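# Per-entry structural report
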Amino acid sequence: MSTLNVKNLQGIYPSNRITVPTGQTLYAPGHILQVVYTRSNARATTTSTTPVAIDSTMNLTLTPASTSSKIFVAYHIQVSGAYSALNNFAYIYRNSGTQLTYTNCYRIDYTNSAETTRASLIYLDSPNTTSLTTYNLFLSASSSSYNLQYNYASAETGDWGYSYGYAMEVAQ
């Protein structure tokens, strides 16, 4: 086997494209290796004060190419709380067992009725594996006396909610 050392690669005009042959792998730190995306308008409620996964369509599954890869995970969700439920929470879990981060889905109760809010969760994970990895959205209510509502209609527009999630593997 021989090694070709070059300072720069340049594709041939007019496409200026460099093609990596089938069966070969390009290693380029900082580049996105894969992206998974999901969107859900499934509606659910919970009164659980411990984190629960209530929408499996929001699972993000990928297999990292390298143990050194970073995984950028983000969820943008629509939640509401009935009446005085002011402190609902959303969480990102890895493989349904490891909590990575959480956020408070706070709302202000002006009218003593459900108000809808959008919440975002973002996390940069270092899973240190090349095994199948799933990121999960978990939710919990502030009190077992009040519902946390997921993807319910907005009081302002009446539109049903959508929640989104994506994960990107970044080469290191």
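The structure contained in this document is the topic of the report that follows.

About the cut-offs
- Residues numbered from 1 in each chain as written.
- Predicted model: local features only at pLDDT ≥ 70, side-chain atom pairs only at ≥ 80, totals over all residues.
- Heavy atoms only, no water.
- Helix = DSSP H or I, 4+ residues; strand = E, 2+ residues; numbered from the N terminus.
- Contact = heavy atoms within 4.5 Å.
- Buried < 20%, exposed > 50% of the residue type's maximum accessible area, 1.4 Å probe, protein only.
- Salt bridge = Lys/Arg side-chain N within 4 Å of Asp/Glu carboxyl O.
- Core = buried A, V, L, I, M, F, W, Y, C linked by side-chain atoms within 4.5 Å.
- Polar contact = N/O pair within 3.5 Å; in protein donor to acceptor, adjacent residues only side chain to side chain.

When helices and strands are tallied, the protein chain shows zero helices and 10 strands. Element order for the protein chain, N to C, with α for helix and β for strand: β-β-β-β-β-β-β-β-β-β. Taking as baseline every contact in the protein chain between residues at least 6 positions apart, the subset at least 24 positions apart corresponds to 77%.

Now for unusual backbone geometry. In this chain, tyrosine 13 is followed by proline 14 through a cis amide linkage whose omega measures 15°. For proline 14, the location among the structural elements is in the segment before β1 (32-40). Phi is positive for serine 96, close to 60°, though the residue is something other than glycine. Mapped onto the fold, serine 96 is located in the loop between β5 (87-94) and β6 (98-106). The partly exposed category is assigned to serine 96, whose relative accessible area is 45%. With a phi angle near 55°, asparagine 128 is a residue other than glycine that sits in the positive phi range.

Summed over all chains, the structure comprises one salt bridge. With a closest N to O distance of 2.8 Å, arginine 94 and aspartate 125 form a salt bridge. Highlighted residues: arginine 94 in strand β5 and aspartate 125 in strand β7 (residues 115-125), separated in sequence by 31 residues.

Val73, Tyr75, Ile77, Tyr135, Leu137, Leu139 and Tyr150 are the most contacted members of the largest nonpolar core, which has 23 residues in total. Within the residue set of this core, elements represented by two or more residues are β3 (60-62), β4 (70-81), β5, β6, β7, β8 (133-140) and β9 (148-150). Setting aside its immediate chain neighbours within four residues, tyrosine 135 contacts Met58, Asn59, Leu60, Ile71, Val73, Tyr75, Ile92, Tyr93, Arg94, Leu100, Asp125 and Pro127.

Now for the side chain of serine 163. Within the fold, serine 163 resides in strand β10 (residues 163-170). Polar side-chain contacts of serine 163 include one of 2.7 Å to the side chain of asparagine 151. Once you skip the residues sitting within four places of it in the chain, serine 163 turns out to touch Thr38, Arg39, Ser40, Met58, His76, Ile77, Gln78, Arg118, Tyr150 and Asn151.

Function-wise, these values are silent; they only describe arrangement.
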